Amino acid sequence: MSKSKLIAGNWKMNASLEGSAALVRGVLDGLAQAQPACDVAMCAPAPYLAALQGWLAGQSAVQPGAQDVSAHASGAYTGEVSADMLRDFGVRYCIVGHSERRQYHGETDELVAAKTQRALAAGITPIVCVGETLAERDGGHTEEVVRRQLAAVIHVNGHCITEVVVAYEPVWAIGTGKTATPELAQQVHAALRAQLRAASDHADRIRLLYGGSMNAANAASLLSQPDIDGGLIGGASLKAADFLAIVAAAR
Ligand code: PGA
């Protein structure tokens, strides 16, 4: 069955409130000229989510997203943000298990699976990131690593896995300007799809995004691969023109 692609911007810890407002305005202006053929999300830093909700009010072309969520429902977890809190600000998507969270904050496969479950319970679509490091790729372990990361999420979330978006982001391609070739990305996406098919009768509905130095120049060839259903965009989501060009390539 056909599904619309998803282009999600991951601003990470970049920009100012003012700069973010200008970015959103630029993207919305662009999309008003040319309606997107795909779903679009912008994942902002947590303190900007209230403002983002306001900037995106009254339109449906772009949905608000967050970059992380607590694995806990509520309680004594200083500094954390719960899924219900995100929901209060209209958040529709939440990145979970980004490699920067796994690498710098020690997030394990089990924690990522628990965060995924929290987001789903709050009615937020998790964008679950998986991906291998350069050493893992060079060691021939790419599929083993991404399958292990995804298996933990499937194990905890069962049939709800159909409500999840999965993003394959090779760690060596993030922010480095090195993109996986479309063929190489497709190969991993096909492996992930096969794993999802074994877990769900509706695996073909699940959107598999590619992330890692996707930009205006390489988006079309990546997005034309049969199992690439969208993109998770870091650096190129910070400039309206670049982000709009990637959205335009997703059809
Ligand atoms: P990048 O980041 O597009 O800057 O490589 C992607 C991501 O980390 O989600």
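Residues numbered from 1 in each chain as written. Predicted model: local features only at pLDDT ≥ 70, side-chain atom pairs only at ≥ 80, totals over all residues. Heavy atoms only, no water.

Turning to the overall build of the protein chain, a few remarks are in order. Of regular secondary structure, the protein chain possesses 10 helices and 8 strands. A compact globule built from 251 residues should have a C-alpha radius of gyration of about 18 Å, and the protein chain, at 17 Å, falls within 12% of that. Principal-axis analysis of the C-alpha atoms places the extent of the protein chain at approximately 45 × 45 × 35 Å. Looking at the 251 residues of the protein chain, the share that counts as buried comes to 51%. (Helix = DSSP H or I, 4+ residues; strand = E, 2+ residues; numbered from the N terminus. Rg over C-alpha atoms; globule rule 2.2 N^0.38 Å. Buried < 20%, exposed > 50% of the residue type's maximum accessible area, 1.4 Å probe, protein only.)

Lining the immediate surroundings of the ligand are 13 residues, of which K12, H98, E169, G175 and S213 lie closest. K12 places a side-chain nitrogen or oxygen 2.7 Å from an oxygen atom of the ligand. At 2.9 Å from an oxygen atom of the ligand is found a main-chain nitrogen or oxygen belonging to G234. Bound to the protein, the ligand loses 95% of the 280 Å² it would expose on its own. Broken down by class, the residue content of the shell around the ligand amounts to 4 nonpolar, 7 polar and 2 charged. (Near = heavy atom within 4 Å. Polar contact = N/O pair within 3.5 Å; in protein donor to acceptor, adjacent residues only side chain to side chain. Areas by Shrake-Rupley, 256 points an atom, 1.4 Å probe, with all protein chains shown as cover. Nonpolar A, V, L, I, M, F, W, Y, C, P; charged D, E, K, R; others polar.)

Let us look at the sheet that holds strand β3 (residues 62-66). On the basis of which strands lie adjacent, the closed barrel formed by 8 strands has the order β1-β2-β3-β4-β5-β6-β7-β8 and parallel pairing. On average, adjacent strands in this sheet sit at an angle of 25° to one another, irrespective of strand direction. In this structure, strand β4 (residues 93-96) lies alongside strand β5 (residues 125-130), joined through 4 bridges in parallel fashion. Residue pairing for β5: Y93 is matched across the bridge by T125. Docked against the sheet, helix α10 (residues 240-249) engages β1 (6-10), β2 (39-43) and β8 (230-233), running at close to 160° with respect to β1. (Pairing = 2+ DSSP bridges. Axes fitted to C-alpha atoms, helices over the stretch in contact; angles between N-to-C directions. Contact = heavy atoms within 4.5 Å.)

Residues that lie three or four places apart on an α-helix share one face, since the helix turns once every 3.6 residues. With 13 residues, helix α5 (residues 109-121) ought to run about 18 Å at 1.5 Å a step, and its terminal C-alpha atoms sit 19 Å apart, in line with that. Every buried residue of α5 is accounted for by D109, V112, A113, K115, T116, A119 and L120. Projected down its long axis, α5 carries its buried residues within an arc of 160°, all on one side. Turned more than 90 degrees from where α5 packs its buried face, E110 and A121 sit exposed. Those residues of α5 that are buried lie in contact with α3 (83-88), β4, α4 (99-104), β5 and α7 (142-157). Taken from the residues just after α5, G123 is the one with a positive phi, measuring 80°. (Expected span 1.5 Å × (residues − 1). Arc of directions from axis to C-beta.)

So, about the pattern of salt bridges. As enumerated under the stated definition, the model contains 13 salt bridges in all. Measuring nitrogen to oxygen at the nearest pair gives 2.7 Å for the salt bridge that ties D229 to R193. Of this pair, D229 sits in the loop between α9 (219-223) and β8 while R193 is found in helix α8 (residues 182-199), placing the two residues 36 residues apart along the sequence. Both residues of the pair, D229 and R193, count as buried. The residue D204 makes a salt bridge to R197 at a minimum N-O spacing of 2.8 Å. (Salt bridge = Lys/Arg side-chain N within 4 Å of Asp/Glu carboxyl O.)

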